[in-house]
Amino acid sequence: MSGSDQALDHLENLLFALPRENYPMSVSELDGYVTGILSCPDFIPPPEWLPHVWGETGDADFPDLKTAQTTTSAVMGHYNAIASEMTRTPWIEPIYEVDPNSDETLWEPWVDGFTRAMSLRSETWEKLLDRVDDETRSSLIFLMVLQDINDGNSEFTEEEIDEIDVQAPDLIPNCVAAILVEARPELLLGADNVSRPVAVKKRPGRNDPCPCGSGRKYKQCCGKN
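Note that the structure is predicted; figures quoted are calculated from it, not measured.

Draft legend 1. Seen up close, the packing of aromatic side chains. Overall, the coordinates contain five aromatic pairs when judged by the stated rule. With 6.1 Å between their ring centres and 70° between their planes, Tyr33 and Trp49 make a pair best called edge-to-face. Highlighted residues: Tyr33 in helix α2 (residues 27–39) and Trp49 in helix α3 (residues 46–54), separated in sequence by 16 residues. With respect to burial, Tyr33 and Trp49 carry one shared label: buried. Ring centres of Trp54 and Phe62 lie 5.3 Å apart, and the angle between their planes is 80°; this geometry places the pair in the edge-to-face category. Here a set of aromatic residues connected by ring pairs shows up, and it is made of Tyr33, Trp49 and Tyr79.

Draft legend 2. Representation of the packing of α3 against helix α4 (residues 65–86). Where α3 meets α4, the axes come as close as 12 Å, and the angle between the chain directions of the two elements is 110°. As the angle between them shows, α3 and α4 are arranged roughly perpendicular. As α3 packs across α4, the resulting crossing turns out to be right-handed. Each of Pro46, Trp49, Leu50, Val53 and Trp54 in α3 lies in contact with α4, whose residues at this interface are Thr71, Thr72, Val75, Met76 and Tyr79.

Calculation notes
Residues numbered from 1 in each chain as written. Predicted model: local features only at pLDDT ≥ 70, side-chain atom pairs only at ≥ 80, totals over all residues. Heavy atoms only, no water. Phe/Tyr/Trp six-rings, centres within 6.5 Å; stacked < 30°, edge-to-face > 60°. Helix = DSSP H or I, 4+ residues; strand = E, 2+ residues; numbered from the N terminus. Buried < 20%, exposed > 50% of the residue type's maximum accessible area, 1.4 Å probe, protein only. Axes fitted to C-alpha atoms, helices over the stretch in contact; angles between N-to-C directions. Parallel < 35°, antiparallel > 145°, perpendicular 65-115°, else oblique. Left-handed = near helix turned anticlockwise from the far one by under 90°. Contact = heavy atoms within 4.5 Å.

Here you go:
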């Protein structure tokens, strides 16, 4: 087991030890959340975003100071690891959960974490959405479409959702890369590959198939937004 795997196992155990009734974040949720924090054009200080990691009330209810310090240090360690990776490349590998019964990749917790981070600076993201290029706008919209599916608020059919579900794990890293290039160019100045991600395609025509994989025309799907 690598040091990175050991650190993630340690982090998972610490998060799981938090009061379950408060619904603390899982490692996958935290990974998406921290990625969203670091992708935001605005700096969000840890005292503002950390309480959301502990759960709905923002109170971790740590049993002692040592546990508080150890858990906070592990969370910040993951934050710093992602920040360090972003200075090398915009291609960040998400941590997804896996269904133990079906081995299905579960992208939902990661997307939930990312969009929760976006909600901390909604106006900033709205302004970014208005000024970025088509590729980045499509990437942001796709992540929001995924969250609508996760929340049960999607207007897609079950067949369309099944198709998106299959493609989402591979498309999410492309979306994050496109967003980082536009939202955090200063963070990527030292990265090896900061050019427009080749996997993020040019915005389709209104009558072209939507790149999210729904099977609908772009104007009837993500192009509505």
